[in-house]
Amino acid sequence: MSAHRGYPLRQILVVLVVLPALYLNFNIYQTGNVWIALAILIVIGLGAFVYLSDAGYTYRYLFPGFLGFGLFVIFPIVYMVFLSFTKYSSQNLLSFDRSLAMLEQESFSLGNESYKYKLYAQEDGRYILYLESDTHSEKRFVSAPFELTPGEQPQGTQEAQKLSPLPPGQEVPGKPLEFTQVTRQKLFIPMRGRQFALPDDTLVAMEGLQKFASRERLWTLNADGSLTNRQDGKVLRPDFRLGFFVTDKGEKVGAGFRTYTGFDNYVRIVTDPRIQGPFFKIFLWTIAFSGMSVVLTFGVGMLLAVILEWKELGFRRGYRTLLILPYAVPAVLSILIFKGLFNQEFGAVNEFLRGTLGFAPEWETNPWGARAMILLVNVWLGYPYMMLVCTGMLQSIPSGIYEASAIDGSGAVVDFFRLTLPLVLPPLMPILISSFAFNFNNFNLIYLLTGGGPKMVGGGIAGETDLLVNYTFNIAFRDSGTNFGLASAIATLLFFIVGVLAWINLKLSGRNVKI
Amino acid sequence: MTATQKTNLRKAAAHGFVIFFLVLILVPFAMVISASFRQGNFAPSRLLPDKVSLDHWKFVLGIPYQEIVNPATGQTRIVKAETPPLRWFWNSIKISFLSSAGIIFLSGTSAYAFARLRFTFRSPTLSALLILQMFPMVLSLVAFYVILDFTGQYVKWLGLNTQTGLIMIYLGGISNYIWMIKGYFETIPPTMEESARIDGASQFQTFVRILLPISLPIFAVVFILSFISYMSEYPVASVVLQSGENWTLAVGANSFLYEQEKLWGRFAALAVLSGLPITVIFLLCQKFVIGGLTSGGIKE
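Thresholds applied
Residues numbered from 1 in each chain as written. Chains lettered and ligands numbered in written order. Predicted model: local features only at pLDDT ≥ 70, side-chain atom pairs only at ≥ 80, totals over all residues. Heavy atoms only, no water. Helix = DSSP H or I, 4+ residues; strand = E, 2+ residues; numbered from the N terminus. Rg over C-alpha atoms; globule rule 2.2 N^0.38 Å. Buried < 20%, exposed > 50% of the residue type's maximum accessible area, 1.4 Å probe, protein only. Contact = heavy atoms within 4.5 Å. Areas by Shrake-Rupley, 256 points an atom, 1.4 Å probe, with all protein chains shown as cover. Lys, Arg positive; Asp, Glu negative; His and termini not counted. Charge placed at Lys NZ, Arg CZ, Asp CG, Glu CD. Domains from an automatic or database assignment. Buried area = accessible area lost by both parts, 1.4 Å probe. Salt bridge = Lys/Arg side-chain N within 4 Å of Asp/Glu carboxyl O. Polar contact = N/O pair within 3.5 Å; in protein donor to acceptor, adjacent residues only side chain to side chain. Nonpolar A, V, L, I, M, F, W, Y, C, P; charged D, E, K, R; others polar. Pairing = 2+ DSSP bridges. Axes fitted to C-alpha atoms, helices over the stretch in contact; angles between N-to-C directions. Phe/Tyr/Trp six-rings, centres within 6.5 Å; stacked < 30°, edge-to-face > 60°. pLDDT = per-residue confidence, 0-100. Parallel < 35°, antiparallel > 145°, perpendicular 65-115°, else oblique. Left-handed = near helix turned anticlockwise from the far one by under 90°. Core = buried A, V, L, I, M, F, W, Y, C linked by side-chain atoms within 4.5 Å. Expected span 1.5 Å × (residues − 1).

Regarding the overall build of chain B
Right, so step 1: In terms of helices and strands, chain B carries 14 helices and 2 strands.
Right, so step 2: Scaling as 2.2 N^0.38, a compact globule of 300 residues should have a C-alpha radius of gyration of about 19 Å, whereas chain B reaches 25 Å, well beyond that.
Right, so step 3: Seen through its principal axes, chain B has C-alpha atoms that stretch 85 × 80 × 35 Å.
Right, so step 4: Put simply, chain B has 300 residues, and 54% of those count as buried.
Right, so step 5: The contacts in chain B between residues at least 6 apart in sequence include a share of 64% that link residues at least 24 apart.
Right, so step 6: Put simply, chain B shows about 13,900 Å² of open surface, and 66% of that area lies on carbon and sulfur atoms.

Below is the structure:
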């Protein structure tokens, strides 16, 4: 391929993009993310190659698109599949190293050495801690400036902050606080949660309000990875199945860590009755919902398309414009509007039904009522698309076939089922299948309309109208457990189901589209 | 009964059915409009408001108004939205517009390669694009969170709670559009481009100067479809955008409907205000969109 001759515009552009990217990547490398930096470096290199070398010409068109697709479609899938083999939840949140480090920070009071302390307020609002040994007044230490939020309760064990020795004669910068200021400004509350480490790595922390005292680390790390309690000799071992440090008696100690658990999450879906029961129920409802949505929207859409194809009917264009309105309004708004209309006590639907028929269905509290409402709303949302597609299909049928049938003397309804439907159904199959797949993952509708409610009895966070994708979302983000591992396993199964559907669809439409 | 009578009867039945159906379809819209003018925050339930008030509209537009706190004492207070809800609409427009423009760029260039250039794994890649895109965005949220959390450490404006970060994530959803545009490119015979090549134009020039101008209609379709889908996107936006002034229309509208207190009136005013222009634009571009829908997926 002949490159553009003249100004080296392309080369200049490549340099203008690559240089900042390299600079950014250097920052990423410097903050310790070596592998990520390496991956980004490879991508930058590939990009530079594609846009500079003639050999990569074709990929100049593909590179930006593939980059976006790779990062935001493929990476999330790979990441999900990876997470599905791990134990990763709010209880097993930290990496193993962080979890271990937290245990190593735990300490108990030794009380054999005590220190006077003073806080020095700095001009930028931060504080410096000053310590002076009670027994050897020449042993003085200062901290780097740190932030303190008055009155904030300490949470968990925090990493110890290093103290450095203060040479004799040198003053601490800032304004020293009186003891009463420390108590009145409630600075002692966050201070009680802090630990500091002397240069020889002895831990010190507040003991009472007036003093600092040396502390001993609670756990010693043994060569085999176990931890021994210095106070009572208890031994802790990491259990990589549980994702916790456990004692010999099996008690969990400290914060859990993320761990690789193989197929545990998948096994749990099939065997754990708390998951398995709701899972299959929700699976069935998801299939029923998607199937019925397709059939109903197709039915209504086709009926309207057939009526509007009747050439002698007046005002057809006006009708069609009005009929596609539900498709034109942003779906989020429509769904929320229906949430109001179907409000069980005050909504329009029930006010109308109460007034005319004298009964008010329980759209919110009865599972069947909620399901019926969801289908009604989904038909409302989905029929215009089907109508448009069917109209296109009907217009492509040559009118000759009807003339032959008219001679036969058969009626319009018979004609439709005998001639039209068999003709239009096969080419519509791909659209029907993608509509099925779309509804299979119709998160918005359920999330905004019912929120999955009413709750499934004995189903934990599962709701009677939850689709699998909503259920997964709830497990990952809404459950008190925020169980990412389990959610990822269900998501992987879901992806598999929809992927197979998409593949079948591709094979079916392969007849119509040449790739 | 003569044949004409029979036809007229049928026509009347058809009109009757369609009109009945239209009433069912349009009543919800009428009720929302009415709810937006009705005093108090009631679920939409009447065609005509009993007590007309402009309070909800003022709220949505960010205009302060007086509200009676205690009817017995006549005590009032001034109410003004912290973030004018109109801003969410503007955010949505901005985000959807920029995302759609990006989508056009990314899918247009990729589609060109698929339609006009030959490379290894071309058709498996096309199939893979379609299948992988079926993975619902909602379930990628954990990964999106991780990505934005990471990028935000180095580039502030690409982190969590930024609109640019959200736009960046939206740019991943290109595969359906690649397919649509590629289908359109393939209906255009390459003869013109070929003769331009013979006259000395570069490949890139034939793409930009010849193919792109003819293909404007399909780009219009892709733009409108992606614009509409991003206007309605809820889950990703709700996780990425945390502070009120960054919210999109979908997140903001849903925020009026808390479990404890559902502010239907305000929601209705926002829905009318923002739904109306989008609906009008859609109807004006109807011809384009319908053409794209019926020709994009399948061809005969």
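A closer look at the overall build of chain A
Right, so step 1: Regarding its fold elements, chain A presents 18 helices and 15 strands.
Right, so step 2: Computed over C-alpha atoms, the radius of gyration of chain A comes to 34 Å, more than 25% over the 24 Å expected from 2.2 N^0.38 for 515 residues, which places it beyond the range of a compact globule.
Right, so step 3: Taking the principal axes of its C-alpha atoms as reference, chain A extends roughly 115 × 80 × 45 Å.
Right, so step 4: Nonlocal contacts in chain A, meaning residues at least 24 apart in sequence, comprise 60% of its contacts between residues at least 6 apart.
Right, so step 5: When the accessible surface of chain A is summed, it comes to about 25,700 Å², and 63% of that surface belongs to carbon and sulfur atoms.
Right, so step 6: Each charge class in chain A was averaged separately, 42 positive and 38 negative side chains, and the resulting centres sit 5 Å apart.

Structural notes on the domain arrangement of chain B
Residues and elements named next belong to chain B.
Right, so step 1: Structurally, chain B comprises domain 1 (3-57) and domain 2 (85-294).
Right, so step 2: Here domain 1 and domain 2 have C-alpha centroids that lie 33 Å from each other.
Right, so step 3: Of the residues lining the interface, 10 residues belong to domain 1; the matching set on domain 2 comes to 10 residues.
Right, so step 4: Overall, the association of domain 1 and domain 2 removes approximately 800 Å² of surface from exposure, summing both partners, and the carbon and sulfur fraction of that is 77%.
Right, so step 5: Where domain 1 packs against domain 2, one counts 0 salt bridges.
Right, so step 6: Where domain 1 touches domain 2, the interface holds 0 residue pairs in polar contact (both at pLDDT 80 or more).
Right, so step 7: Looking at the side of domain 1 that touches domain 2, the elements that each hand over two or more residues are α1 (3-37) and α2 (55-61).
Right, so step 8: With 4 residues, the top contributor of residues to the side of domain 1 that touches domain 2 is α1.
Right, so step 9: Its residues assigned to classes, the side of domain 1 that touches domain 2 shows 7 nonpolar, 3 polar and no charged.

Some points on the interface of chain B and chain A
Right, so step 1: Residue-level contacts link 94 residues of chain B with 95 residues of chain A.
Right, so step 2: Taken together, the two surfaces of chain B and chain A that pack against each other cover about 8,500 Å², and 80% of this comes from carbon and sulfur.
Right, so step 3: At the boundary of chain B with chain A, the tally comes to 10 residue pairs in polar contact (both at pLDDT 80 or more).
Right, so step 4: In the side of chain B that touches chain A, the residues fall into 63 nonpolar, 22 polar and 9 charged.

Section: the sheet that holds strand β13 (residues 244-246) of chain A
All names here are of chain A.
Right, so step 1: Across the sheet, 5 strands lie side by side as β10-β11-β12-β13-β14; this open sheet has antiparallel pairing. The sheet is open, and its two edges are formed by β10 (219-221) and β14 (252-253), each paired on a single side.
Right, so step 2: Lying on the sheet, helix α4 (residues 96-105) is in contact with β10, β11 (227-229), β12 (235-239), β13 and β14; it crosses β13 at an angle near 45 degrees.

Describing the packing of aromatic side chains
Right, so step 1: According to the stated counting rule, one finds 54 aromatic pairs over all chains in the structure shown.
Right, so step 2: With a centroid separation of 5.6 Å and an interplanar angle of 65 degrees, the aromatic rings of Phe245 of chain A and Phe257 of chain A are classed as edge-to-face. In this pair, Phe245 of chain A sits in strand β13 while Phe257 of chain A sits in the loop between β14 and β15 (259-260), placing the two residues 12 residues apart along the sequence.
Right, so step 3: Aromatic pair Tyr327 of chain A and Tyr385 of chain A: ring centres 6.2 Å apart, planes at 25 degrees, arrangement stacked. Of this pair, Tyr327 of chain A sits in helix α10 (residues 325-328) while Tyr385 of chain A sits in helix α13 (residues 367-395); the two residues are 58 residues apart in sequence, bridging distant segments of the chain.
Right, so step 4: An aromatic cluster of at least three residues, connected via ring pairs, comprises Phe338, Phe342, Trp363 and Trp380 of chain A together with Phe29 of chain B.

Some remarks on the confidence of the model for chain A
Right, so step 1: Of all residues in chain A, 95% attain a pLDDT of 70 or more, and the chain-wide mean is 85.
Right, so step 2: Mean pLDDT values for the elements of chain A range from 70 in helix α14 (residues 400-408) of chain A up to 93 in helix α16 (residues 443-449) of chain A.

So, the packing of helix α17 (residues 468-478) of chain A against helix α18 (residues 484-509) of chain A
All names here are of chain A.
Right, so step 1: In contact at an axis separation of 8 Å, α17 and α18 are set at 160 degrees when each is read in the N-to-C sense. One finds that α17 runs roughly antiparallel with respect to α18. Every pair of crossing elements has a handedness; the one defined by α17 and α18 is left-handed. The residues of α18 that touch α17, namely those facing Leu468, Val469, Tyr471, Thr472, Ile475, Ala476 and Phe477, are Phe484, Leu486, Ala487, Ile490, Ala491 and Leu494.
Right, so step 2: Counted by class, the contact of α17 with α18 contains 12 nonpolar, 1 polar and no charged residues.

Considerations on the pairing of strand β3 (residues 127-133) of chain A
Residue and element names in this part refer to chain A.
Right, so step 1: Among the 7 residues that make up β3, 7 are buried, leaving the element largely enclosed by the rest of the structure.
Right, so step 2: Bridging between β3 and strand β4 (residues 140-143) involves 3 bridges; their strand directions are antiparallel. Counted as the bridge partner of Tyr130 is Val142 from β4.
Right, so step 3: In this antiparallel pair of consecutive strands, β3 and β4, the connection spans 6 residues.

Remarks on the nonpolar core
Right, so step 1: Residues Leu323 of chain A together with Phe185 and Phe267 of chain B are the most contacted members of the largest nonpolar core, which totals 192 residues.
Right, so step 2: Ranked by residues supplied to this core, first place goes to α13 of chain A with 14 residues.
Right, so step 3: Not counting chain neighbours up to four residues away, the residues in contact with Phe185 of chain B comprise Gly108, Ala111, Tyr112, Ala115, Arg116, Phe207, Leu211, Ser215 and Phe219 of chain B.
Right, so step 4: Formed by 22 residues, the second largest nonpolar core is a distinct cluster that contains Phe141, Leu148, Leu163 and Met191 of chain A.

Side note on the confidence of the model for chain B
Residues and elements named next belong to chain B.
Right, so step 1: Per-residue confidence for chain B gives a mean pLDDT of 85, with 96% of residues at or over 70.
Right, so step 2: Counting contacts from residues 296-300, a segment whose pLDDT is below 50, to residues more than four positions away or on other chains yields 13 contacts.
Right, so step 3: Both confidence scores are given for the complex: pTM 0.81, ipTM 0.88.

A few points about the side chain of Ser92 of chain B
Right, so step 1: Examined against the element boundaries, Ser92 of chain B turns out to sit in helix α3 (residues 86-116).
Right, so step 2: Ignoring anything within four residues of it in the chain, the contact list for Ser92 of chain B reads Met231, Thr248, Leu249 and Ala250 of chain B.

Section: the domain arrangement of chain A
Right, so step 1: Examined at the domain level, chain A breaks down into domain 1 (2-87), domain 2 (107-217) and domain 3 (274-509).
Right, so step 2: Each of domain 1 of chain A and domain 2 of chain A was reduced to a C-alpha centroid, and the two centroids are 48 Å apart.

Topic: the side chain of Arg266 of chain B
Residue and element names in this part refer to chain B.
Right, so step 1: Its location among the elements puts Arg266 in helix α13 (residues 264-284).
Right, so step 2: Exposure remark for Arg266: the relative accessible area of 13% places this residue in the buried category.
Right, so step 3: Dropping the residues within four chain positions of it, Arg266 is found in contact with Asn41, His56, Phe59, Val60, Tyr65, Glu67, Val79 and Phe256.

Concerning α3 of chain B
Right, so step 1: Under the 1.5 Å per step criterion, the end-to-end length of α3 of chain B is 44 Å for 31 residues, consistent within 8% with the ideal 45 Å.
Right, so step 2: A large share of α3 of chain B lies buried, amounting to 22 of its 31 residues.

Observations regarding the pairing of β4 of chain A
All names here are of chain A.
Right, so step 1: On β4, burial covers both faces: Arg140 and Val142 on one face and Phe141 and Ser143 on the other are all buried.
Right, so step 2: Examined bridge by bridge, β4 and strand β5 (residues 161-165) share 3 bridges and lie antiparallel to one another. By the bridge assignment for β5, Ser143 is matched with Leu163.

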